[in-house]
Amino acid sequence: MNKKPSLVTKSTTKKATPSALLTTLTSSLLLGLAALSNTALADTDIAEDYKGSAANVDSRAPIAALSKLTSLDNVAPLKMTVPDIEHFTTVSGVPVSFVRTTALPIVDIDLRFNAGSARDGSIRKQGFGIANMTATMLTQGTETRDEDDFTRAVETLGITLNSSAYKDMFIVSLRSLSDDEHLLPAIDLMTQMLTEPTFDEQILARNKARLLVGLQQQKQDPGSLASLAFNKALYGTHPYAHPSSGTLETVPTLNQKDLQDFQNRYLVANNASLAMTGHLTLAQAKRLANDITNNLPRGKTAPILPEPKPLTQSQNIHIDFPSTQTTVLMGQLGTKRATDPIAQQQQTNFAVGNDVLAGGNFNARLMTEIRQNLGYTYGISGAMNPMLARGPYQIGFSTRNDKARAAIDASLGVINDTLEEGITKDEMRLTTDNLKNSFPMSFASNAGINGLLGMMNFYHLPDSYLKDYVSRIDSVKLAEVNETLRSTLDTDKFLIVTVGADDPWQDKGDSAKEKSANKKTGR
């Protein structure tokens, strides 16, 4: 049985006395009554409307009463201004996207390379984990500063300086105060880690030992087991198939030369893009961008990744795991990141339809049926993850072992019904309103803006990707949403991975045995 760690927090708030609580409650009640009274006097027509509508509301159905809120019928159209993006290129040829913000004295910098774990095999066959280890060790010592000195300098400045490797990309990010006293030394540390890392062999040995412990612990996590099996089965021999962190077999083989070769091949100017957001002038941004990239080797652009081959039939994989719960991960090959307006509109169409089908909210069809109506799980959701090559579409949930097959069948039923009948106009409107009204939150902070800039620059997306987002949502049509769902999803080619004590595909009748198909890959 899985045990989840408990999170214990301590409150530092002083306990109020009974008399203080009574005084507070009494004051709040009086203020609330006064506010209600003032509102009623200010707008007696609205008050009368509510009196009339209240008579028709069933007090046993409070959710139904929510639809009577007249204020929801008069919401003004969304008005917003997207960030003003400026573009330039550094002396070394790195494209830069910059947004000036002056609300806070902070600067966020995001340097991305087309150099994720999908490139591990190009450095050395079966060299899985090279990109991840390179990212780990960039901040663990340079020719100028050893590991302790580098860490001390970062902490003294109070900056955030990180490097991370994902499937597609390798990211070096910096957040600092914008004054020269903090920012200039921070930029110096960033350039040091990019151009003169030592990849010390003793630290590498320590990192490998720690990583191996973490990989062993993954064997006790059903979610990790399901994800690893899903990617391996879905992608086969494609570079996306292996985990970014490497495996128990490949991590011990990582060496200093692997990391140096990866740095020299992929952490180069012709393979980079830069995003900057913060309290800077354009002139300052240009000077800093050149400081960061001037010492990078020119190098070459990474080659285009191959496209993975989709499954040609359904495949069911079960992994035995001692647990009262079965973790389920189902899905298929999805789409790549759209870069032209037509493909972007199609991805928007799918996003709307999928939010109705498998969004994480309680209005989604899968959540309504599988959780609320059938009680099989606490939560179920699905999402598309587009990348440079076709990313995965995945739906995930956990349920009792004895309910796993029923929950899977019910989920497939909801998906197939949605594909056959389509979503409704009301569902589409609710989703488009939600997407539009939540959109400004994506650039409500420096970090949010810079994350968008970095993503857009990495995938070579035009500014219209951001500026036309609301227009793309407004352009959504019901028939096109339903057609996009049908053309994208095919449950007859779904990969379904289960991790639990009982195999849901055994002893369930002839149809289940046929579906299992002896775990054929279907390629």
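Residues numbered from 1 in each chain as written. Predicted model: local features only at pLDDT ≥ 70, side-chain atom pairs only at ≥ 80, totals over all residues. Heavy atoms only, no water.

Student: Is there a simple way to think about the nonpolar core in this case?
Tutor: One recurring pattern in soluble globular proteins is that nonpolar side chains are buried together. In this structure, F170 and M276 are the most contacted members of the largest nonpolar core, which totals 55 residues. Element by element, the count of residues in this core is highest for helix α7 (residues 180–195), at 7 residues. Non-local contacts of M276, meaning those with residues more than four positions away in its chain, are made with V96, S97, F98, V99, D108, I109, A285, L288, A289, N450 and L453. Grouped together as the second largest cluster of nonpolar side chains are 40 residues, Y240, F443, F458 and L466 included. (Core = buried A, V, L, I, M, F, W, Y, C linked by side-chain atoms within 4.5 Å. Buried < 20%, exposed > 50% of the residue type's maximum accessible area, 1.4 Å probe, protein only. Helix = DSSP H or I, 4+ residues; strand = E, 2+ residues; numbered from the N terminus. Contact = heavy atoms within 4.5 Å.)

Student: Would you explain the sheet that holds strand β8 (residues 325–333) in this entry?
Tutor: The pairing of strands in a sheet happens through backbone hydrogen bonds and is either parallel or antiparallel. Pairing is mixed across the open sheet formed by 5 strands, whose spatial order is β7-β11-β8-β10-β9. Lying at the two open borders of the sheet, with one neighbouring strand each, are β7 (315–320) and β9 (381–384). Strand-to-strand twist across the sheet, computed as the mean angle between neighbouring axes with direction ignored, equals 15 degrees. Both β9 and strand β10 (residues 392–400) contribute to a ladder of 4 bridges, which runs antiparallel. For M384, the partnering residue across the bridge sits in β10 and is Y393. With respect to the sheet, helix α12 (residues 341–358) is in contact with β9 and β10, its orientation differing from that of β9 by roughly 165 degrees. (Pairing = 2+ DSSP bridges. Axes fitted to C-alpha atoms, helices over the stretch in contact; angles between N-to-C directions.)

Student: Sorry if this is basic, but what is going on with the pairing of strand β6 (residues 272–278) here?
Tutor: Remember that side chains alternate between the two faces of the sheet whenever the strand is regular. Counting buried residues along β6, 7 of its 7 residues qualify, which places the element largely inside the surrounding structure. Burial along β6 is two-sided: the residues A272, L274, M276 and G278 and S273, A275 and T277 are all buried. Pairing geometry for strand β2 (residues 95–100) and β6, over 5 bridges, is parallel. What sits directly across from R100, in β6, is G278. Relative to β6, strand β3 (residues 106–113) runs antiparallel, the two being bridged by 7 bridges. Bridge pairing in β6 places D110 opposite A275.

Student: Just checking my understanding: could you explain the sheet that holds β2 for this structure?
Tutor: Strand order in the open sheet made by the 6 strands is β1-β2-β6-β3-β5-β4, with mixed pairing throughout. Looking at strand neighbours, the two that pair on one side only are β1 (86–89) and β4 (160–165), the edges of this open sheet. Each strand axis lies, on average, 15 degrees off the axis of its neighbour in the sheet, ignoring direction. Relative to β6, helix α16 (residues 446–458) is tilted by about 160 degrees, and along the sheet it contacts β2, β3, β5 (170–177) and β6.

Student: Any chance you could explain the side chain of T348 here in plain terms?
Tutor: By secondary structure assignment, the location of T348 is in helix α12. Those residues in contact with T348, other than ones at most four positions away along the chain, are R472, I473 and V476.

Student: Whenever I open this one, the packing of aromatic side chains confuses me. Can you help?
Tutor: Geometrically, a pair of aromatic rings is defined through the distance of the ring centres and the angle of the planes. A complete count under the given rule lists 8 aromatic pairs for this structure. Note on F262 and Y266: the rings are 5.3 Å apart at their centroids and 50 degrees apart in plane angle, and the pair reads as tilted. Placement of both F262 and Y266 in helix α10 (residues 256–266) is noted, with a separation of 4 residues, approximately one turn of the helix. What makes F262 buried here is its relative accessible area of 0%. With relative accessibility at 3%, the residue Y266 sits in the buried group. Both rings, one in F350 and one in Y393, keep their centres 5.7 Å apart while their planes meet at 85 degrees; by these two values the pair is edge-to-face. (Phe/Tyr/Trp six-rings, centres within 6.5 Å; stacked < 30°, edge-to-face > 60°.)

Student: Can you help me understand the environment of G422 in this one?
Tutor: Tracing the backbone through its elements, the reader meets G422 in the loop between α14 (404–421) and α15 (425–438). Looking at G422, the relative accessible area reads 6%, which means it is buried. Distance from G422 to L478, taken between C-alpha atoms, is 8.6 Å for residues 56 residues apart in sequence. Look past the residues within four positions of G422 in its chain and what remains in contact with it is R365, D417, N482 and R486.

Student: Help me out: how do you make sense of unusual backbone geometry in this one?
Tutor: Across residues other than glycine, the phi torsion is negative in most instances, and most of the peptide bonds are trans. Phi at Q126 is positive, roughly 60 degrees, even though this residue is not glycine. Residue placement: Q126 occurs in the loop between α4 (120–123) and α5 (130–137). Assessed through its relative accessible area of 44%, Q126 is described here as partly exposed. Positive phi, close to 50 degrees, is recorded for F199, a residue that is not glycine.

Student: Can you walk me through helix α19 (residues 478–488) in this structure?
Tutor: Given 3.6 residues to a turn, an α-helix orients residues that are three or four positions apart in the same direction. If you check which residues of α19 are buried, you get V481, N482, T484, L485 and T488. End-on view of α19: buried residues confined to an arc of 160 degrees, all on one side of the axis. For α19, exposure combined with an orientation more than 90 degrees from the buried face picks out A479 and S487. Of the surrounding elements, those touching the buried residues of α19 are β8, α12, β9, α14 and α15. (Arc of directions from axis to C-beta.)

Student: How do you make sense of the packing of helix α6 (residues 147–157) against α7 when you look at a structure like this?
Tutor: A pair of packed helices is captured by two measures, namely the crossing angle of their axes and the spacing between those axes. Packing of α6 against α7 leaves a shortest axis separation of 10 Å and a crossing angle of 155 degrees. It follows from the interaxial angle that α6 and α7 lie roughly antiparallel. At the point where α6 passes α7, the crossing takes the left-handed sense. Contacts between α6 and α7 pair F150, A153, V154 and L157 from the former with E181, H182, P185, A186, L189 and M193 from the latter. Counted by class, the contact of α6 with α7 contains 8 nonpolar, 1 polar and 1 charged residues. (Parallel < 35°, antiparallel > 145°, perpendicular 65-115°, else oblique. Left-handed = near helix turned anticlockwise from the far one by under 90°. Nonpolar A, V, L, I, M, F, W, Y, C, P; charged D, E, K, R; others polar.)

Student: Where do I start with the confidence of the model for the protein chain in this structure?
Tutor: Reading fine detail from the predicted coordinates is not recommended where pLDDT is low. Per-residue pLDDT for the protein chain has a mean of 87; in total, 82% of the residues score no lower than 70. Across residues 1–55, confidence stays below pLDDT 50; counting only partners more than four residues off in sequence or on other chains, it has 12 contacts. Scored below 50 in pLDDT, residues 509–523 shows 27 contacts in the model against residues more than four places distant or in partner chains. (pLDDT = per-residue confidence, 0-100.)

Student: Quick question: what am I supposed to make of the pairing of β2 here?
Tutor: Pairing of β1 with β2, which is carried by 4 bridges, proceeds in the antiparallel orientation. Along β2, the bridge assignment pairs H87 with S97. Connecting β1 to the antiparallel partner β2 that follows it, the hairpin turn spans 5 residues, and G93 within it adopts a positive phi of roughly 95 degrees.

Student: Where do I start with the environment of G334 in this structure?
Tutor: Relative to the assigned elements, G334 resides in the loop between β8 and α12. A sequence separation of 56 residues divides G334 from R390, and the C-alpha atoms of the two residues are 5.7 Å apart. If near-sequence neighbours (up to four positions away) are discounted, G334 is found in contact with M384, R390, G391, P392 and Y393.

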